[in-house]
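Structural overview
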Amino acid sequence: MLVLLILHLVAALLAPPLVRWWGPRACYPLALAPAAAFGWAVAHTGAVRDGGAVVETYPWIAQLQLDVALRVTTLSWLMMLLVGGVGALVLVYSARYFHAGSAGLARFAAVMVAFAGAMLGLVVSDDLLLLYVFWELTTVFSYLLIGHSTERRSSRWAAAQALTVTTLGGLAMLVGFLLLGHHAGGYRWSLITAGPPPGGGYLVVAVLLILTGALAKSAVFPFSSWLPVAMAAPTPVSAYLHAAAMVKAGVFLIGLLGPALAPAGPWRAVTAVAGLVTLVAGGWAALRQTDLKLLLAYGTVSQLGLLTVVLGLGTPQAALAGVAVLLAHALFKAALFLVVGILDHSAGSRDVRELSGVGRAAPVLAGLAALAAASMAGLPPLLGFVAKEAVLAAFADRPLVLAVLVAGTALTVAYSIRFYWGAFAARPGIPVTEIERPPAAMLVPVGLLALAGFAAGPAAGWLGGLLRPYAELFGPVEEHLALWHGPTAALGLSAVAIGGGVLLHLVRGPLTPALARLRFPVGGNQGYEWITHRFDRVAIEVTGATQRGSLPQYLGTILLALVLVPGTAMLATRPWRNEIAVWDSPVQLVVCVVIAVAALLAVGARRRLTAMLLVGVTGYGTAMMFVLYGAPDLALTQFLVETATIAVFVLVLRRLPDRFSARPLRRSRWVRRGIGVAAGLVMAGLALAAVGARRAPSISLAFPDLAVVQGYGRNVIDVTLVDIRAWDTMGEIAVLVVTATGVASLIFERSRTGPRPRRPRPSGPRRDRRTVWLRGGATLPARRRSIVFEVVTRLIFHTVLLFSLFLLFSGHNAPGGGFSGGLVASLALTVRYLAGGRYELAEAAPVGAGTVLGAGLAVAVGSGVLGLLFTGDVLQSVKVDLWLPLIGHYYLVTSLFFDIGVYLIVVGLVLDILRSLGAEVDRHVEAAGEPARGLVVEREGDRT
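Just so we're clear, the structure is a prediction, and the values are computed from it rather than from any experiment. (Residues numbered from 1 in each chain as written. Predicted model: local features only at pLDDT ≥ 70, side-chain atom pairs only at ≥ 80, totals over all residues. Heavy atoms only, no water.)

**What to know about the overall build of the protein chain**
- When helices and strands are tallied, the protein chain shows 37 helices and 4 strands.
- Considering only C-alpha atoms, the protein chain reaches an extent of 110 × 80 × 75 Å along its principal axes.
- For the protein chain, the accessible surface area stands at approximately 44500 Å², while carbon and sulfur atoms represent 67% of it.
- Both charge centroids of the protein chain, one from 72 positive and one from 47 negative side chains, sit 8 Å from each other. (Helix = DSSP H or I, 4+ residues; strand = E, 2+ residues; numbered from the N terminus. Areas by Shrake-Rupley, 256 points an atom, 1.4 Å probe, with all protein chains shown as cover. Lys, Arg positive; Asp, Glu negative; His and termini not counted. Charge placed at Lys NZ, Arg CZ, Asp CG, Glu CD.)

**Description of the packing of aromatic side chains**
- As enumerated under the stated definition, the model contains 8 aromatic pairs in all.
- Measuring from centroid to centroid gives 5.0 Å for Y420 and F424, while their planes differ by 35°, and the two rings are tilted. Taken as a pair, Y420 and F424 lie in helix α20 (residues 399-424) at a separation of 4 residues, close to a single helical turn.
- The exposure class of F424 is buried, given its relative accessible area of 5%.
- Ring geometry for Y470 against F474: centres 5.6 Å apart, planes inclined by 80°, an arrangement best described as edge-to-face.
- You can call Y470 buried: its relative accessible area is 3%. (Phe/Tyr/Trp six-rings, centres within 6.5 Å; stacked < 30°, edge-to-face > 60°. Buried < 20%, exposed > 50% of the residue type's maximum accessible area, 1.4 Å probe, protein only.)

**Looking at unusual backbone geometry**
- Following F221, the chain continues into P222 via a peptide bond in cis, with omega recorded as 10°.
- Positive phi, normally seen in glycine, also occurs at Y712, with a value near 55°.
- Take Y712: it is sitting in the loop between α31 (703-709) and α32 (716-724).
- For L875, which is not glycine, the phi dihedral falls at a positive 65°.

**Here we look at helix α29 (residues 632-653)**
- In this model, α29 (22 residues) spans 31 Å end to end at C-alpha, consistent with the 32 Å of a helix rising 1.5 Å per residue.
- Of all the positions in α29, only D633, A635, T637, Q638, L640, E642, A644, I646, A647, L651 and L653 are classed as buried. (Expected span 1.5 Å × (residues − 1).)

**Regarding the layout of surface pockets**
- By volume, the largest pocket amounts to about 1900 Å³.
- As for the largest pocket, its lining consists of 47 residues, and the residues nearest its centre are L555, A599, A602, V603 and G676.
- Counting residues per element, the ones that place at least two in the lining of the largest pocket are α26 (551-573), α27 (586-604), α28 (608-628), α29 and α30 (666-692).
- No other element matches the 16 residues that α30 contributes to the lining of the largest pocket.
- Residues of the lining of the largest pocket, tallied by class, amount to 31 nonpolar, 7 polar and 9 charged. (1 Å grid on protein atoms, 1.4 Å probe; cavity = no way out; pocket = protein on both sides within 12 Å on 5 of 7 lines; lining within 4 Å. Points joined across faces, edges and corners; volume = space filled by probe spheres on them. Nonpolar A, V, L, I, M, F, W, Y, C, P; charged D, E, K, R; others polar.)

**Observations regarding the environment of W22**
- Mapped onto the elements, W22 comes out in helix α1 (residues 2-22).
- Looking at W22, the relative accessible area reads 43%, which means it is partly exposed.
- Taking C-alpha positions, W22 is 8.8 Å from A100, a pair spaced 78 residues apart along the chain.

**Observations concerning the pairing of strand β3 (residues 879-884)**
- Across 6 bridges, the pairing between β3 and strand β4 (residues 888-893) is antiparallel. If you follow W883 over to β4, its bridge partner there is H889.
- Linking β3 back to β4 in an antiparallel pair, the connection comprises 3 residues, with L886 at a positive phi of about 70°. (Pairing = 2+ DSSP bridges.)

**Some words on the environment of G84**
- Tracing the backbone shows G84 in helix α5 (residues 74-97).
- Taking the relative accessible area as the measure of exposure, G84 reaches 2% and is therefore buried.
- In this structure the C-alpha to C-alpha distance between G84 and M119, which are 35 residues apart in sequence, comes to 9.4 Å.
- Sequence-distant contacts of G84, that is, excluding residues within four places in its chain, are made with P34, A35, A37 and F38. (Contact = heavy atoms within 4.5 Å.)

**With respect to the pattern of salt bridges**
- Tallying each qualifying case throughout the model produces 10 salt bridges.
- Between R350 and D291 there is a salt bridge; the shortest N-O distance is 2.9 Å. Of the two residues, R350 is situated in the loop between α16 (316-346) and α17 (358-361) and D291 in the loop between α14 (265-287) and α15 (292-313); the sequence distance between them amounts to 59 residues.
- Of the charged contacts, one joins D344 and R350 as a salt bridge, the two residues approaching to 3.0 Å between their closest N and O atoms.
- Overall, the relative accessible area of 25% leaves D344 in the partly exposed class. (Salt bridge = Lys/Arg side-chain N within 4 Å of Asp/Glu carboxyl O.)

**With respect to the side chain of H8**
- The topology assignment puts H8 in helix α1.
- Classification of H8 as buried rests on a relative accessible area of 2%.

**Some thoughts on the nonpolar core**
- In terms of nonpolar packing, the biggest core is built from 202 residues, with Y240, L343 and F395 touching the most fellow members.
- Element by element, the count of residues in this core is highest for α16, at 22 residues.
- Leave out the neighbours within four places in its chain, and F395 touches V309, V310, L313, V401, L402 and L405. (Core = buried A, V, L, I, M, F, W, Y, C linked by side-chain atoms within 4.5 Å.)

**Topic: a nonpolar patch on the surface**
- On the surface, V582, W583, L589, V593, V597 and L601 cluster together to form a nonpolar patch covering roughly 550 Å² of accessible area.
- For L601, the position within the fold is in helix α27. (Patch = residues over 30% accessible without salt bridge, like charges linked within 9 Å, V, L, I, M, F, W, Y side chains within 5 Å.)

**Regarding the packing of helix α34 (residues 787-810) against helix α35 (residues 818-844)**
- Two numbers describe how α34 lies on α35: the axes approach to 8 Å, and their chain directions differ by 155°. Viewed along their axes, α34 and α35 adopt a mutual orientation that is roughly antiparallel. Where α34 crosses over α35, the two elements pack in a sense that is left-handed.
- Residues belonging to the contact of α34 with α35 are distributed by class as follows: 15 nonpolar, 5 polar and 4 charged. (Axes fitted to C-alpha atoms, helices over the stretch in contact; angles between N-to-C directions. Parallel < 35°, antiparallel > 145°, perpendicular 65-115°, else oblique. Left-handed = near helix turned anticlockwise from the far one by under 90°.)

**Quick notes on the environment of I210**
- Mapped onto the elements of the fold, I210 is located in helix α10 (residues 202-217).
- Between the C-alpha atoms of I210 and L174, which are 36 residues apart in sequence, the distance is 7.4 Å.
- If we ignore the near neighbours within four places in the chain, the residues touching I210 are M173, G176, F177, L180, L253, L257 and L261.

**Topic: the side chain of T729**
- Following the sequence through the fold, T729 ends up in helix α33 (residues 726-747).
- Leaving out residues up to four positions away in the same chain, T729 has contacts with L721, F898 and V902.

**Focus: the packing of helix α18 (residues 363-377) against α20**
- Contact geometry for α18 and α20: axes closest at 8 Å, N-to-C directions at 170°. One way to sum up the angle between α18 and α20 is to call them roughly antiparallel. Here L365, A366, A369, A370, A373, M376 and A377 of α18 lie close against α20, whose contacting residues are T412, V413, Y415, S416, Y420 and F424.

**Points about α5**
- Counted at 1.5 Å a residue, the expected span for α5 with its 24 residues is 34 Å, and the 34 Å between its end C-alpha atoms agrees.
- Taking burial as the measure, the 24 residues of α5 include 22 buried ones, the bulk of the element.

**Points about the confidence of the model for the protein chain**
- Averaged over the protein chain, the pLDDT score is 84; the fraction of residues at 70 or greater is 90%.
- Confidence over residues 932-944 falls short of pLDDT 50; this stretch has 22 contacts with residues more than four positions distant or in other chains. (pLDDT = per-residue confidence, 0-100.)

So this is what it looks like as structure tokens:
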């Protein structure tokens, strides 16, 4: 099964190049992926015939007790047949439905195959969390397929609505899964059902949440509105997603969980009420439609309501009838959607008011459509008749529900007749529709689906034997599927339903006003639009009331919440220990006093530059505390980070006023001081509480030994970053790349990868030109130049870079590492920019920041791949022993490459900041003709 999932992934990745080479014909080889799933299911029929299961388990995330647990039983076997078989036929059909050069065809083919793989993963998942992963993948892929025609607003709206409704339902379902799995002690469904029946008050909440997700996915009331709107998708998408695959996910989940959860309090009530309302409302709405595709869409809604009622009942007979309806509906509804696609493709219309005489012009198509429509109406000897009789027999002891089912079945017969009459009948007063001969590649899938429904009716006994093990999960099965049970009550009710449906069609003329008036006061789509618009309105009001544009107000609100909520709880419980050592050395007290005084003075500072320098003092003081506590690596990093931060602040302050505000803020300053002191006390208390709350030894106690044994280094800090906690570092450097991109996108008016400024080339004969090593800052205004600063910067620049490389390569065993080395190199570039401006920066770093960032991320990820190749674990360090003449024996650790990646990313980040906040701002100033505000003190006469 895992091989099948990988096959779908590979096919999805190959789909775009295949479509570029072969056009729509690429759908033929792509159909082999779902066809392989169908063939696998057929080959394993014997394994599930007697109630057995095919199981595969692969370790995945041990910390979450999450494995790739795959399990195929009777229900999932049936769904594999539908997902694989119908998926392959739809792809074959798509090869002629789309024409060469169709917009987005490569994307469609790739997403279609990926969706088939996600749906396959959903039905074979034995772990509830893994099932949810595939559940959400189907949501995302269906969003892309429904919104295939991106140029149409209706398509985009339909995709967004489907995504919103099904995602919200999926999130509710996830909470239900977590409740269920937490109580059971695991998420493996086969183990949950093997244990004692779940119980307790929590079960009601879990059941309601899970049913919310299932009903939303299958478009059952009150979530029915998204499916008819989703008919904006291409017809092959509708045939697959909304007949055989995606909308079946919800009822599949009900069927999967039914054996264990059906006895739970709200299960039967919710499924019965929601299903019956959907059955009748969907059927009634289908009678009003003039678009054949919409008619089938509302018919699908109605049939999904029927499936919800039947599979939700939780009795053996209903379960057997439910899987029969599941199979029959997939066969006839997929065939009918493909028929509509042929009509739209060949006749140019799918409106029943415009089509006439199509049956005579396309007799083969009409015959196949008649078989599928007859199965939908429940006429013998088709599978739809067998399934309908089984449903009516299963509810024989529930007269109220049975009456609604008969009414819903009559509506199904009526809209089935309306579909066939509207698509193929010759009607007076309407010109005969011209239709092209449908290609064989489009007729064959329709024929196979329609004939399968026809053949399955007489073979109902054999088919019932295959499906019987699922029904036996609910108890002993007393009835069986058969085409003829004799003169039973179910047969009589079936005849009543057929007669009622024929009567509804015959009185369609007088019934038209009633159809138009008798509907819900607010349509599902209107309700969705009203809810979304209300949310938008509330969001605007809340944003207008809270987002006032004042950063101090936002920060003050956050800190007040910190003081009031955790602070109050902390004062009430006092969770810290009584024995507290204030300091280990009097020098620490001195440094703390300096930090506190600098912080208080920063609050009262009126000038931005003064406040920035005072904040810098607090950072350097923190670095000094690291020194006093014997952490030179942390101290070095803190010193470098603080210096780089000050440089960035300087760049930003150039574009801000010198002072914070001209208004009198004495009272507000004291309020801010009070909030700051209170927040500081709360954080100190929380730190003490965290230290005193430890009950088990810290895992960091093992880090020194792990650093030497597994990381092959003596610098515990660096080895932790690149080996022991390498996944954390990988996430952090990814954030740095995103940050650099965000900063650049806010500043640059043009691409940041465009041409960088270059110094003007000297003119004249080449022989008169001389290479200049220490070039002066010719591009800076004379009053902003400092020759001494420029020359000294150029003299020490390369030395600083070499020092940064020393820190990089020595960091595994001594203070340093990729982060520290990158900061040193970044500061060298910063000083170069401060000395000579943006042109000098371009000379110092003649490479794009994006290139450096991408290279760093690639090197870091590549080091993880090396560990995977050599040890089987991603980001695991590997020691390579080497020997060179004159040097002797030495060793190389692969985590060094991870450190190099970190080094490049830090350099790229600072380079991006220098070019955006520095060089690009300079360019803006020059373009606007504003007076330059230099980074050095300028004296003009008596004014500084």
